[in-house]
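# Per-entry structural report
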Amino acid sequence: KAGVTQTPRYLIKTRGQQVTLSCSPISGHRSVSWYQQTPGQGLQFLFEYFSETQRNKGNFPGRFSGRQFSNSRSEMNVSTLELGDSALYLCASSSSDGAGEKLFFGSGTQLSVL
Amino acid sequence: KNEVEQSPQNLTAQEGEFITINCSYSVGISALHWLQQHPGGGIVSLFMLSSGKKKHGRLIATINIQEKHSSLHITASHPRDSAVYICAGLNRDDKIIFGKGTRLHILP
């Protein structure tokens, strides 16, 4: 079974631009969650999607958005990029239709904003 | 103060030593994850537990919901166990709150 796939692996953008990151979950998994990791703040929860619906959202500004498609693939979008958005963005999938299941993480997308 | 606190922040030990990493949380949680992150960023979920104790190979995780405390133990530690270990609690709003991580270095 293929693991969680995130693309691209690395991304360099400039301030003010927007970016879209992609996450393909493990086949059969319907829940996809997104996280931001920075050296200063550590890991922080962004949002979670289940069956194309956003089920939960962390404390991030509206510039951060996401969606999930019918095949469970998910995308995350960040508009009007700021220097502080430079981070490792990780997604994880799980099979559960309820909270509290084991998470399977992708390798992440390293975003650098110049 | 973070809602999820880990100790120690850094730990260096000799190969073969018994390792304990602690996680305390100040909010109500329904479940707790232990994660392992190697250099390069990849994260592996080690355990998800809501009560009692779980064991997988040389790794043991325990949780005491009433005392709001969890521990991760590694028996017969090995240099390949060197990584950052992160605990994360699932709060009542089903949001995951992460600890800052414990950086473990096992010397051969």
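Position numbers for residues count from 1 along each chain, tracking the sequence in the order it is written. Labels follow written order: the first chain is A, the first ligand is 1, and so on. Given that the model is predicted, a residue must reach a pLDDT of at least 70 before its local features are reported, and side-chain atom pairs must reach 80 or more before they are shown or counted; all residues, however, enter totals for whole chains, interfaces and linings. With hydrogens and water set aside, each side-chain value is computed from the structure's full complement of heavy atoms.

A separate point is the overall build of chain A. Only DSSP runs of H or I with at least four residues qualify as helices, and only runs of E with at least two residues qualify as strands; both kinds are numbered from the N terminus onward. Regarding its fold elements, chain A presents 0 helices and 11 strands. Mapped from its N terminus to its C terminus, chain A presents α and β elements in the order β-β-β-β-β-β-β-β-β-β-β. For 114 residues, the compact-globule estimate of 2.2 N^0.38 gives 13 Å, and chain A sits close to it at 13 Å. Overall, chain A is about 35 × 25 × 25 Å in size when its C-alpha atoms are taken along their principal axes. The buried share of chain A, reckoned over its 114 residues, is 50%. Long-range pairs, those at least 24 residues apart, make up 54% of the contacts in chain A with a sequence separation of at least 6. The Shrake-Rupley method, run with a 1.4 Å probe, gives the accessible areas here. Residue values count only the displayed protein chains as cover. By element, 46% of the accessible surface of chain A is carried by carbon and sulfur atoms, the whole surface being about 5300 Å². Counted as positive: Lys and Arg. Counted as negative: Asp and Glu, with His and the chain ends omitted from the count. For this purpose, a charge sits on NZ of Lys, CZ of Arg, CG of Asp or CD of Glu. One finds the centroid of the 11 positive side-chain charges in chain A at a distance of 5 Å from the centroid of its 7 negative side-chain charges. A radius of gyration in this sense is built from C-alpha atoms; the matching globule rule multiplies 2.2 Å by the number of residues raised to 0.38. Relative accessibility decides the category of a residue: with a 1.4 Å probe and only protein chains considered, values under 20% of the type maximum give buried, values over 50% give exposed, and everything between is partly exposed. Note on contacts: a residue pair is in contact if any heavy atoms of the two residues lie within 4.5 Å.

Each partner contributes residues to the interface: chain B has 16 residues there, and chain A has 20 residues. Defined here as a combined quantity, buried area equals the accessible surface (1.4 Å probe) lost by two parts on assembly, summed across both. Interface of chain B and chain A: buried area, both sides summed, is about 1500 Å²; carbon and sulfur atoms make up 59% of it. The largest share of the area that chain B buries against chain A comes from Ile43, Lys95 and Phe98 of chain B, three residues that together contribute 32% of it. Any Lys or Arg side-chain nitrogen located within 4 Å of an Asp or Glu carboxyl oxygen qualifies as a salt bridge. For the pair chain B and chain A, the number of links is 0 salt bridges. Identification of polar contacts relies on pairs of N or O atoms within 3.5 Å, with a donor-acceptor requirement for protein atoms, meaning one able to donate a hydrogen and the other able to accept it, and with residues adjacent in sequence counted only if both atoms are side-chain atoms. Viewed at the interface, chain A and chain B are joined by 5 residue pairs in polar contact (both at pLDDT 80 or more). Under this grouping Gly is polar, as are all residues other than the nonpolar Ala, Val, Leu, Ile, Met, Phe, Trp, Tyr, Cys and Pro and the charged Asp, Glu, Lys and Arg. Along the lines of polarity and charge, the residues of the side of chain B that touches chain A split into 7 nonpolar, 5 polar and 4 charged.

Residue Pro8 of chain A follows Thr7 of chain A across a cis peptide bond; omega there is -10°. Between Ser7 of chain B and the following residue, Pro8 of chain B, the backbone shows a cis peptide bond with an omega angle of -10°. Within the element layout of this structure, Pro8 of chain B appears in the loop between β1 (4-7) and β2 (10-14). Positive phi values are uncommon outside glycine, yet Glu52 of chain A reaches one of about 70°.

Now for the state of the cysteines. Such a bond, covalent and formed between the sulfur atoms of two cysteines, is termed a disulfide. When two cysteine sulfur atoms are found within 2.5 Å, that pair is recorded as a disulfide. Applying the stated criterion to the full structure yields 2 disulfides over all chains. Disulfide partner of Cys23 of chain A: Cys91 of chain A, at an S-S distance of 1.9 Å. On the S-S bond that ties Cys23 of chain A to Cys91 of chain A, the torsion sits near 75°, and the link is right-handed. Of this pair, Cys23 of chain A sits in strand β3 (residues 19-24) while Cys91 of chain A sits in strand β9 (residues 87-94), and the two are 68 residues apart along the sequence. Here the two residues Cys23 of chain A and Cys91 of chain A agree in accessibility, since each one is buried. Disulfide partner of Cys23 of chain B: Cys87 of chain B, at an S-S distance of 2.0 Å. Judged by the torsion about the S-S bond (75°), the Cys23 of chain B/Cys87 of chain B disulfide is right-handed. Taken together, the positions of Cys23 of chain B in strand β3 (residues 19-25) and Cys87 of chain B in strand β9 (residues 83-91) put the pair 64 residues apart, joining distant regions of the chain. Cys87 of chain B sits in the buried class, given a relative accessible area of 0%.

This part covers the packing of aromatic side chains. Think of it this way: a Phe, Tyr or Trp ring, Trp meaning its six-membered ring, pairs with another when their centres are within 6.5 Å, and the plane angle makes it stacked under 30 degrees, edge-to-face over 60, tilted otherwise. In this structure the tally under the stated criterion is 5 aromatic pairs over all chains. Measuring from ring centre to ring centre gives 5.7 Å for Tyr35 of chain A and Phe105 of chain A, while their planes differ by 45°; the resulting arrangement is tilted. Residue Tyr35 of chain A is found in strand β4 (residues 31-38), and its partner Phe105 of chain A is found in strand β10 (residues 104-105); the two are separated by 70 residues along the sequence. Comparing Tyr35 of chain A with Phe105 of chain A shows no difference in burial state: the two are buried. Relative to Tyr49 of chain A, the ring of Phe47 of chain A lies with its centre 5.7 Å away and its plane at 70°, an arrangement referred to as edge-to-face. Chaining the aromatic ring pairs together yields one cluster made of Tyr35, Phe45 and Phe105 of chain A together with Phe98 of chain B. Sitting over the ring of Tyr10 of chain A, Arg9 of chain A keeps its end group 5.2 Å from the ring centre. For a lysine, the NZ atom is tested; for an arginine, the CZ atom; a charge sits over a ring if that atom is within 6 Å of the ring centre and within 35 degrees of the ring normal.

Everything listed here is a matter of geometry and, on its own, says nothing about what the molecule does.
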